[in-house]
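# Residue-level structure breakdown
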Amino acid sequence: MRHHPLTAILSRLGSFLLVMVALSLMIFTLARVVPGDPARMALGPAATPEQVQALRLQMGLDQPVLVQYLDYVRKALHGDLGTSLVSQRPVTTDLAQTVPATVELVLVSVVFMFLIAIPLGVITAHYRDRALDHGGRILSLTGVTIPSFLFAITLQLLAARMPGGWPIIGRLDHGLGWPGGPTGFLLLDGLLAGRFDVVGSALQHIALPAFALSMAGIGQITRITRSSMIENQRKDHVLTLQSFGVPERVIIFRYLLKLSSIAPLTIMGLEFASLIGNAFVIEMIFAWGGFASYGLNAILQKDLNAVTAVVLVAGLFFIVANLVVDVLISIIDPRMRRKEAL
């Protein structure tokens, strides 16, 4: 029985939609039952009770939670996520300004993971129990155990001592105009606008925070890649290829790496999604001004509309990352497609 990949994707999308509905209902309810009056927090301690009550009525906080939720869903389907109580701007406007900064940072971090962790895992597996293996395992263990903020501060201190200096805060040098563009990603918009000065400056600014953010993922993916490579080296077809004298590099890059890439890809997809929410420390250290720090400020100031939107966007990233990983794995490993067809 043939199983069309589109059917599997649509099936996953249906389950993911249920997850989003459950997530939105849960966070919407929690945001409204925690202690503290959102209207009072928005107006400040100097506001009169009449002003607070008027804002409560305007926000619909006098209605039952279910009625508030259904009204929120109706507006959200039309692109209205409410107004931030702190910035007094539409939440969608705040998200449009902050989400691209964090996504760009996380994407570069994932590139670092891919370029460093996969080769390092292959090398440590190939030179198992030798000096290179021991060194790689120490590096991966260091990445997993040391907090990312410590890497960030260390990189800042080292960069400050470099001749000529290295940018350690912000996304772009002062004096360089923002290129504008459809994506909000400085690197991509700079390329589209032909502003290579912006691209060069943006690369310098993003290198340190992205590397600090990627260290934990590099350590984890290196260890998983190494374990997968070693496990697959014992498979019968690999031993058969070795007995026929197939060159080692062909076995590694044509057969072993493909078989061993499933677990690292899964972890990389989950890392991408989790880094969206966990980047707030790095963003604060490097004054990045992205989505993660915006979400933290919204939580601390009990900005209800912003908190709900931030959690929904973070959940959406998890869903998209899982969907992309599932599709990639089904392409790499035909056995997954056969299992789905059963």
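Residues numbered from 1 in each chain as written. Predicted model: local features only at pLDDT ≥ 70, side-chain atom pairs only at ≥ 80, totals over all residues. Heavy atoms only, no water.

## Here's the deal with helix H7 (residues 148-160)
Between the first and last C-alpha of H7 there are 18 Å, a value that for 13 residues agrees with the 18 Å anticipated at 1.5 Å per step. Among the residues making up H7, those that are buried are Phe151, Ala152, Leu155, Gln156 and Ala159. Looking down the long axis of H7, one finds its buried residues gathered within 135° of arc, a one-sided arrangement. Residues Leu157, Leu158 and Ala160 are exposed on H7 and point more than 90 degrees away from its buried face. Buried-residue contacts for H7 involve helix H6 (131-145), helix H9 (196-233) and helix H13 (280-285). (Helix = DSSP H or I, 4+ residues; strand = E, 2+ residues; numbered from the N terminus. Expected span 1.5 Å × (residues − 1). Buried < 20%, exposed > 50% of the residue type's maximum accessible area, 1.4 Å probe, protein only. Arc of directions from axis to C-beta. Contact = heavy atoms within 4.5 Å.)

## Notes on the packing of helix H5 (residues 91-126) against H6
It is the contact of H5 with H6, at a shortest axis distance of 7 Å, that shows an interaxial angle of 140°. Taken as axis vectors, H5 and H6 run oblique relative to one another. Seen from above, H5 lies across H6 with left-handed handedness. Between H5, through Leu120, Ile123 and Thr124, and H6, the contact on the second element is made entirely by Leu132, Asp133, Gly136 and Arg137. When the residues that make up the contact of H5 with H6 are grouped by side-chain class, the tally is three nonpolar, two polar and two charged. (Axes fitted to C-alpha atoms, helices over the stretch in contact; angles between N-to-C directions. Parallel < 35°, antiparallel > 145°, perpendicular 65-115°, else oblique. Left-handed = near helix turned anticlockwise from the far one by under 90°. Nonpolar A, V, L, I, M, F, W, Y, C, P; charged D, E, K, R; others polar.)

## Quick notes on the side chain of arginine 171
Turning to its location among the elements, arginine 171 is positioned in the loop between H7 and helix H8 (186-192). On the accessibility criterion, arginine 171 (10% relative accessible area) is buried. Within polar-contact distance, the side chain of arginine 171 engages the side chain of glutamate 104 at 2.8 Å. Other than its neighbours up to four places away in sequence, arginine 171 contacts Ala101, Glu104, Trp178, Gly184, Leu186, Ser201, Ala202, His205 and Trp288. (Polar contact = N/O pair within 3.5 Å; in protein donor to acceptor, adjacent residues only side chain to side chain.)

## Some remarks on a nonpolar patch on the surface
Together, Leu316, Val320, Val324, Leu328 and Ile331 give the surface a local cluster of nonpolar side chains, amounting to about 420 Å² of exposed area. Relative to the assigned elements, leucine 328 resides in helix H15 (residues 304-332). (Patch = residues over 30% accessible without salt bridge, like charges linked within 9 Å, V, L, I, M, F, W, Y side chains within 5 Å. Areas by Shrake-Rupley, 256 points an atom, 1.4 Å probe, with all protein chains shown as cover. Salt bridge = Lys/Arg side-chain N within 4 Å of Asp/Glu carboxyl O.)

## A look at the environment of alanine 31
With respect to the helices and strands, the residue alanine 31 is situated in helix H1 (residues 5-33). Taking relative accessible area as the criterion, alanine 31 reaches 8% and is therefore assigned buried. Between the alpha carbons of alanine 31 and valine 307 there is a distance of 7.6 Å; along the sequence they are 276 residues apart. Filtering out sequence-adjacent residues up to four positions away, alanine 31 remains in contact with Lys302, Leu304 and Thr308.

## Details of the layout of surface pockets
For the largest pocket, the calculated volume is near 490 Å³. Taken together, 22 residues line the largest pocket, and the ones lying closest to its centre are Gln58, Met59, Lys75, Thr83 and Asn305. Listed by contribution, the elements that provide at least two residues to the lining of the largest pocket are H1, helix H2 (38-43), helix H3 (49-59) and helix H4 (65-76). Broken down by element, the residue count for the lining of the largest pocket peaks at five residues, all from H4. (1 Å grid on protein atoms, 1.4 Å probe; cavity = no way out; pocket = protein on both sides within 12 Å on 5 of 7 lines; lining within 4 Å. Points joined across faces, edges and corners; volume = space filled by probe spheres on them.)

## Describing the pattern of salt bridges
Under the criterion given, the structure shown has eight salt bridges. Of the charged contacts, one joins arginine 137 and aspartate 133 as a salt bridge, the two residues approaching to 3.6 Å between their closest N and O atoms. Residue arginine 137 and its partner aspartate 133 are located together in helix H6, separated by four residues, close to a single helical turn. Among the residues examined, aspartate 133 registers a relative accessible area of 0% and is labelled buried. A cluster of three or more residues bridged by salt bridges with shared partners is formed by Asp71, Arg74 and Lys75.

## Some remarks on the packing of H7 against H9
The N-to-C vectors of H7 and H9 enclose an angle of 150°; their axes lie 8 Å apart at closest approach. Here H7 and H9 pass one another in a crossing that is right-handed. Where H7 abuts H9, its residues Ser148, Phe151, Ala152, Leu155 and Ala159 lie against Leu208, Phe211, Ala212 and Met215. Across the contact of H7 with H9, the residue classes break down as eight nonpolar, one polar and no charged.

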